[in-house]
Amino acid sequence: MRTRAQILQAAAIAFADKGFPAVTVLDVAELTGMTKGAVYFHYANKEALAIAVVEAFYRQWPPLADEVQAMDLSPLDMISELLVRTAVRFRDDKITQAGARLQIERSLINAKLQSPFVDYTAILERLLTRAAEAGQLPEGSRPDTLARVLISAFFGVQHITWVKNDRADIVAGIHEVLEAVLPRRS
């Protein structure tokens, strides 16, 4: 199991840094210090590596949301905390960076990848519904629409900060989105 995790981490580094088209199984093997055969023993091909990285990318969000929901915060503060913690992962974590890049490059990958951001949007929608029920959103606000807007804004900031300066200011950008989109909290 540890070998698979090493290979997955190496694939994430390679995909995050070089992109799917430029990565080879040999690149992944070299990053792990293993042979190509060892990588192929665990993953049939480069597409299987990409699928595994994308699955790991999406698996991390529900536990992160659970962590935030266990905190003693209002629903709007939970949303803010979740988005900021997500931004930190995009800035610092190779699985996260690779998963996002692979979603952008999905048309170049000859494999079916998970639909982007469906579960994360559902998490935000649930939190926004709780915020509406707690009277934290303006009358008539639609949690489903607001969740899609927040996801779109988040991934816009993520992409722009990635291109401009390797996501160094993603957290500041997410704070700007939260200030612009969510109602002021007292």
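Just so it is clear, the model here is predicted, and its values are computed rather than measured.

Draft legend 1. Geometry of the packing of helix H6 (residues 75-92) against helix H9 (residues 143-165). Between H6 and H9, the shortest axis-to-axis distance is 11 Å and the interhelical angle comes to 30 degrees. Looking at the two axes, H6 sits roughly parallel to H9. Of the two elements, H6 crosses H9, and the hand of that crossing is right-handed. Contacts between H6 and H9 involve Ile79, Leu83, Thr86, Ala87 and Phe90 from the former and Leu150, Phe154, Phe155 and Gln158 from the latter.

Draft legend 2. Looking closely at the pattern of salt bridges. On inspection of all chains with the given rule, the structure shows eight salt bridges. The partner of Arg85 in a salt bridge is Glu81, and the shortest N-O contact between them spans 2.7 Å. Taken together, the residues span about one helical turn, with Arg85 and Glu81 both in helix H6 at a distance of four residues. Residue Glu81 is classed as partly exposed on the basis of its relative accessible area, which comes to 25%. Its salt-bridge partner being Arg91, residue Asp92 comes within 2.7 Å of it at the nearest N-O pair. By relative accessible area, Asp92 is classed as partly exposed at 49%.

Conventions adopted
- Residues numbered from 1 in each chain as written.
- Predicted model: local features only at pLDDT ≥ 70, side-chain atom pairs only at ≥ 80, totals over all residues.
- Heavy atoms only, no water.
- Axes fitted to C-alpha atoms, helices over the stretch in contact; angles between N-to-C directions.
- Helix = DSSP H or I, 4+ residues; strand = E, 2+ residues; numbered from the N terminus.
- Parallel < 35°, antiparallel > 145°, perpendicular 65-115°, else oblique.
- Left-handed = near helix turned anticlockwise from the far one by under 90°.
- Contact = heavy atoms within 4.5 Å.
- Salt bridge = Lys/Arg side-chain N within 4 Å of Asp/Glu carboxyl O.
- Buried < 20%, exposed > 50% of the residue type's maximum accessible area, 1.4 Å probe, protein only.

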